[in-house]
Amino acid sequence: MAVADELAALYARVFAEPPYREGPADVRVFVRNYTEDVAHPGFGVVVAHDDGTAVGFGYGTARRPGEWWPGCDAPPPPEIVECPSFAVYEWAVDKPYRGRGVGREIMVRLLADRPEPWATLAVHPHADAYRIYIRAGWRQVGMSYIADRPAMAVLIRRTS
């Protein structure tokens, strides 16, 4: 199975849950985005497996100085406006593996040894992931509003 297919199956399970409630069309968008993002400079992905099956993953790409989240109601904070950053686009852990450190290990590995001093991400503010990020030291700096999508909290954190 190709990586995109393996991650798409996991993505479909995780993001069908509230508050996302995504369906097959959203999974197709994920696959398209992932396939494009793999070719971007500074791409990074970490996949956790159990007995050959993907149970969690995280991925993202490097961003140029000043590059920021679309629809964000606040400009990039001064500490990251003049340096490159790493944008975490997706982070997901299958329900039976949550609370076991799988997600934490994925994020640690994804951000380890990054040349960019800051990481950014956008997350649904009502998702369990939001609270996990805040406890892990991420800081909310704005909200992203894009038509036909839920509002997303924009967070930042040092990579090391």
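Model, not experiment: these values are computed from the prediction. (Residues numbered from 1 in each chain as written. Predicted model: local features only at pLDDT ≥ 70, side-chain atom pairs only at ≥ 80, totals over all residues. Heavy atoms only, no water.)

**Looking at the packing of aromatic side chains**
Here is step 1 of the chain: Counted according to the given criterion, the structure contains 13 aromatic pairs.
Here is step 2 of the chain: Ring geometry for Tyr-34 against Tyr-59: centres 5.0 Å apart, planes inclined by 85°, an arrangement best described as edge-to-face. Within this pair, whereas Tyr-34 is found in helix H2 (residues 24-37), its partner Tyr-59 is found in strand S2 (residues 53-63), the two being separated by 25 residues in sequence.
Here is step 3 of the chain: Judged by relative accessible area, Tyr-34 falls into the buried class, the value being 5%.
Here is step 4 of the chain: On the basis of relative accessible area, Tyr-59 is assigned to the buried category, the value being 1%.
Here is step 5 of the chain: A network of ring pairs unites the aromatic residues Tyr-11, Phe-15, Tyr-20, Phe-30, Tyr-34, Phe-43, Phe-57, Tyr-59, Trp-69 and Tyr-89 as a single cluster.
Here is step 6 of the chain: Across from the ring centre of Trp-69, 4.2 Å away, lies the NZ or CZ of Arg-63, which sits over that ring. (Phe/Tyr/Trp six-rings, centres within 6.5 Å; stacked < 30°, edge-to-face > 60°. Helix = DSSP H or I, 4+ residues; strand = E, 2+ residues; numbered from the N terminus. Buried < 20%, exposed > 50% of the residue type's maximum accessible area, 1.4 Å probe, protein only. Lys NZ or Arg CZ within 6 Å of the ring centre and 35° of its normal.)

**Observations regarding the nonpolar core**
Here is step 1 of the chain: Residues Val-88, Met-107, Val-123, Tyr-133, Trp-138 and Leu-155 are the most contacted members of the largest nonpolar core, which totals 23 residues.
Here is step 2 of the chain: At the level of elements, strand S1 (44-50), strand S3 (85-93), helix H4 (102-111), strand S4 (118-123), helix H5 (128-135) and strand S6 (152-158) are the ones that each hand at least two residues to this core.
Here is step 3 of the chain: Broken down by element, the residue count for this core peaks at five residues, all from H4.
Here is step 4 of the chain: Excluding anything up to four places from it in sequence, Val-88 contacts Tyr-59, Gly-60, Trp-69, Met-107, Leu-110, Leu-111, Thr-120, Leu-121 and Trp-138. (Core = buried A, V, L, I, M, F, W, Y, C linked by side-chain atoms within 4.5 Å. Contact = heavy atoms within 4.5 Å.)

**Side note on the pattern of salt bridges**
Here is step 1 of the chain: Applying the stated criterion across every chain, the model contains seven salt bridges.
Here is step 2 of the chain: Two residues, Arg-114 and Glu-116, come together in a salt bridge whose shortest N-O distance is 2.8 Å.
Here is step 3 of the chain: A residue is classified by how much of its surface remains accessible, and Arg-114, at 16% relative accessible area, is buried.
Here is step 4 of the chain: Classification of Glu-116 by relative accessible area gives buried; the value is 5%. (Salt bridge = Lys/Arg side-chain N within 4 Å of Asp/Glu carboxyl O.)

**Topic: empty space enclosed by the protein**
Here is step 1 of the chain: Under the counting rule described, the total for this entry stands at one cavity of 30 Å³ or more.
Here is step 2 of the chain: When its volume is computed, the largest cavity comes out at roughly 30 Å³.
Here is step 3 of the chain: Around the largest cavity, the lining residues are Arg-64, Pro-65, Gly-66, Glu-67, Trp-68, Pro-76, Ile-80, Val-81, Cys-83 and Ser-85.
Here is step 4 of the chain: Grouping the constituent residues of the lining of the largest cavity by class yields six nonpolar, two polar and two charged. (1 Å grid on protein atoms, 1.4 Å probe; cavity = no way out; pocket = protein on both sides within 12 Å on 5 of 7 lines; lining within 4 Å. Points joined across faces, edges and corners; volume = space filled by probe spheres on them. Nonpolar A, V, L, I, M, F, W, Y, C, P; charged D, E, K, R; others polar.)

**A closer look at the side chain of Asp-94**
Here is step 1 of the chain: By secondary structure assignment, the location of Asp-94 is in the loop between S3 and H4.
Here is step 2 of the chain: A relative accessible area of 13% means that Asp-94 is categorised as buried.
Here is step 3 of the chain: Every residue in contact with Asp-94, bar those within four places of it in the chain, is listed here: Leu-10, Arg-13, Val-14 and Val-55.

**Here's the deal with the sheet that holds S1**
Here is step 1 of the chain: If you walk across this open sheet you meet the six strands as S1-S2-S3-S4-S6-S5, and the pairing is mixed. Two strands in the sheet have a free side with no partner beyond their single neighbour: S1 and strand S5 (139-144). Taking each pair of neighbouring strands and ignoring which way they run, the sheet shows an average axis angle of 25°.
Here is step 2 of the chain: Two elements, S4 and S6, share six bridges in a ladder whose sense is antiparallel. What sits directly across from Thr-120, in S6, is Ile-156.
Here is step 3 of the chain: Where H2 meets the sheet, it contacts S1, S2 and S3, and its direction lies at approximately 55° from that of S2.
Here is step 4 of the chain: Packed on one face of the sheet, H4 meets S1, S2, S3, S4 and S6 and runs near 155° to S3. (Pairing = 2+ DSSP bridges. Axes fitted to C-alpha atoms, helices over the stretch in contact; angles between N-to-C directions.)

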